[in-house]
Amino acid sequence: MQKLFRVGILLSILLLMPTTMIMGQEEEGVKVEINNENGGEARPDLDTVNVELIFSDIENGSANILLNSPERKFFSPTDFPIVEGTELIHSIISVENGKAAFDYMFPIRGDYPMTVEVLDENGTVSATHLLNIHIPENPDEVKNAIIFVGILVLFGFLVGLILTARRGRTHAI
Amino acid sequence: MQYKGLLFILGFAFIIVLSTSVVMAHDNNDSGRSVDHHAEVGKLYSFEGKLEAEENGPYEIQFHAVRLEDDAQILTMKNTSEDGSYQFAAQFFDGAEHDVTFSLINPATNKVIAEKTELVEVQGFDPPMFIKVKTIFFLVMMIGIGMLLGMGVIKLRRQRQRTKGGALHGI
């Protein structure tokens, strides 16, 4: 019984582990910045954020961006399971004064891998950069999930308490 | 015996959830406008075309996608174009109607020379069965953990009473 207890407690801790909060990632040649107009962290499916790519190797030109959604994780399902691990944007955007930007509402939490291909004037790829954008979960949704799971555990606890007590009584008779 | 009851509850909850799940696809057009594109959630959709303008290029061309049900600004990006032709590929992650606007901009004055808006209908999908089963399993497991805790509390109290030497009065 005690073993089961331990496993149960361990599983609940694992499931309720909060998401880590890391924003962009710097890579040689190109840096990605996420600016949220509403302030604070970008919330998925709520905030439209400005994704700014800062290039150190080119001033003007264009870049082919390929943004993928986070891969599916077994223990953390998201609001849009169909979207997980698919292509989100594949387009060429212009680079002006060493900067390229686009506004985007990220659909789910997680790490978005982004491939940026720098194109020269003839349209041939001069450099390829791999970047990572981290979008944390909406704190309100995390709070609601904890409350919901808490209610379920409480419900189970009461049911276990009542049923076991009743069972004990019938045996005692 | 009590496991039989638990199994019954598990099966019942499972059947209810599976039978009540609804495909959230928008089949009819709410706005009454003609649909220009049919996209699907989970797949890239490519837009190609050309905007005609009297002025000569090069131009800046802007792609702007708005979700109509809540006016959410989904995606805005810019590229340059010599003759007004464009190519953008993006995925719509929500099975709702979207407006996509292509604007041809004069880079010197930042004025919009030409613009066109197209309606995109996006087909949504039900979450895969595997995900549903997994989620149900997680949630039922939470109840199960709670039940084990409740059972454990009673067992502990009984054990304590027994070690005290008192008779079992049935809590």
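It should be emphasised that the depicted structure is a prediction, and the values quoted were computed from it without experimental measurement.

Draft legend 1. Broad picture of the overall build of chain B. Each helix and strand in chain B was counted, giving two helices and seven strands. Starting at the N terminus and walking to the C terminus, you meet the elements of chain B as α-β-β-β-β-β-β-β-α. Split into buried and exposed, the 171 residues of chain B put 39% on the buried side. A separation threshold of at least 6 residues defines the contact pool for chain B, and within that pool the share at least 24 residues apart is 66%. When the accessible surface of chain B is totalled, it reaches about 9700 Å², and 58% of it is carbon and sulfur.

Draft legend 2. Layout of the interface of chain B and chain A. On the side of chain A, 49 residues touch chain B, which itself brings 46 residues to the contact. Roughly 4400 Å² of surface becomes buried between chain B and chain A when both sides are summed, with 71% attributable to carbon and sulfur atoms. Summed over the shared surface of chain B and chain A, the number is one salt bridge. For D45 of chain A, the salt bridge goes to R67 of chain B, with nearest N and O atoms at 3.1 Å. The interface formed by chain B and chain A contains 15 residue pairs in polar contact (both at pLDDT 80 or more). Every element with two or more residues in the side of chain B that touches chain A is listed here: β3 (59-67), β4 (72-81), β5 (85-90) and α2 (129-164) of chain B. Across the side of chain B that touches chain A, the residue classes break down as 28 nonpolar, 11 polar and seven charged. The sheet contact formed by strand β6 (residues 99-105) of chain A and β4 of chain B spans three bridges and is antiparallel. Counted as the bridge partner of D103 of chain A is T76 of chain B from β4 of chain B.

Draft legend 3. Representation of the packing of aromatic side chains within the structure. Residue and element names in this part refer to chain B. Tallied over the full model, the rule gives 14 aromatic pairs over all chains. Between F47 and F92, the aromatic rings sit 6.1 Å apart at their centres with planes inclined by 85°, giving edge-to-face as the arrangement. You can see F47 sitting in strand β2 (residues 45-50) and its partner F92 sitting in the loop between β5 and β6 (97-105), a full 45 residues away along the chain. Here the aromatic rings of F63 and F88 are separated by 5.2 Å at their centres, their planes lie at 40°, and the arrangement is tilted. Of the two residues, F63 is situated in strand β3 and F88 in strand β5; the sequence distance between them amounts to 25 residues. Taken individually, F63 and F88 each receive the classification buried, so the pair is uniform in this respect.

Draft legend 4. Representation of the pattern of salt bridges in the model. Residue and element names in this part refer to chain A. Tallying each qualifying case throughout the model produces 12 salt bridges over all chains. For R72, the salt bridge is made with E84, and the minimal N-O distance between the two is 3.1 Å. Placement of R72 in the loop between β4 (61-68) and β5 (87-95) and of E84 in the loop between β4 and β5 is noted, with a sequence separation of 12 residues between them. We classify R72 as partly exposed; its relative accessible area is 38%.

Draft legend 5. Region of the structure containing the confidence of the model for chain B. In the predicted model, chain B carries a mean pLDDT of 85, and 85% of its residues have values of at least 70. Per-residue pLDDT stays below 50 along residues 22-27 of chain B; that stretch engages in 11 contacts with residues further than four places along the chain or on separate chains.

Draft legend 6. Here's a closer look at the side chain of D47 of chain A. Residues and elements named next belong to chain A. Among the secondary structure elements, D47 is positioned in the loop between β2 (30-36) and β3 (48-55). At 3.2 Å, the side chain of D47 forms a polar contact with the side chain of N36. Those residues in contact with D47 that sit more than four places away from it in its chain are N36, N38, E41, A42, Y104, M105 and F106.

Rules of the game
Residues numbered from 1 in each chain as written. Chains lettered and ligands numbered in written order. Predicted model: local features only at pLDDT ≥ 70, side-chain atom pairs only at ≥ 80, totals over all residues. Heavy atoms only, no water. Helix = DSSP H or I, 4+ residues; strand = E, 2+ residues; numbered from the N terminus. Buried < 20%, exposed > 50% of the residue type's maximum accessible area, 1.4 Å probe, protein only. Contact = heavy atoms within 4.5 Å. Areas by Shrake-Rupley, 256 points an atom, 1.4 Å probe, with all protein chains shown as cover. Buried area = accessible area lost by both parts, 1.4 Å probe. Salt bridge = Lys/Arg side-chain N within 4 Å of Asp/Glu carboxyl O. Polar contact = N/O pair within 3.5 Å; in protein donor to acceptor, adjacent residues only side chain to side chain. Nonpolar A, V, L, I, M, F, W, Y, C, P; charged D, E, K, R; others polar. Pairing = 2+ DSSP bridges. Phe/Tyr/Trp six-rings, centres within 6.5 Å; stacked < 30°, edge-to-face > 60°. pLDDT = per-residue confidence, 0-100.

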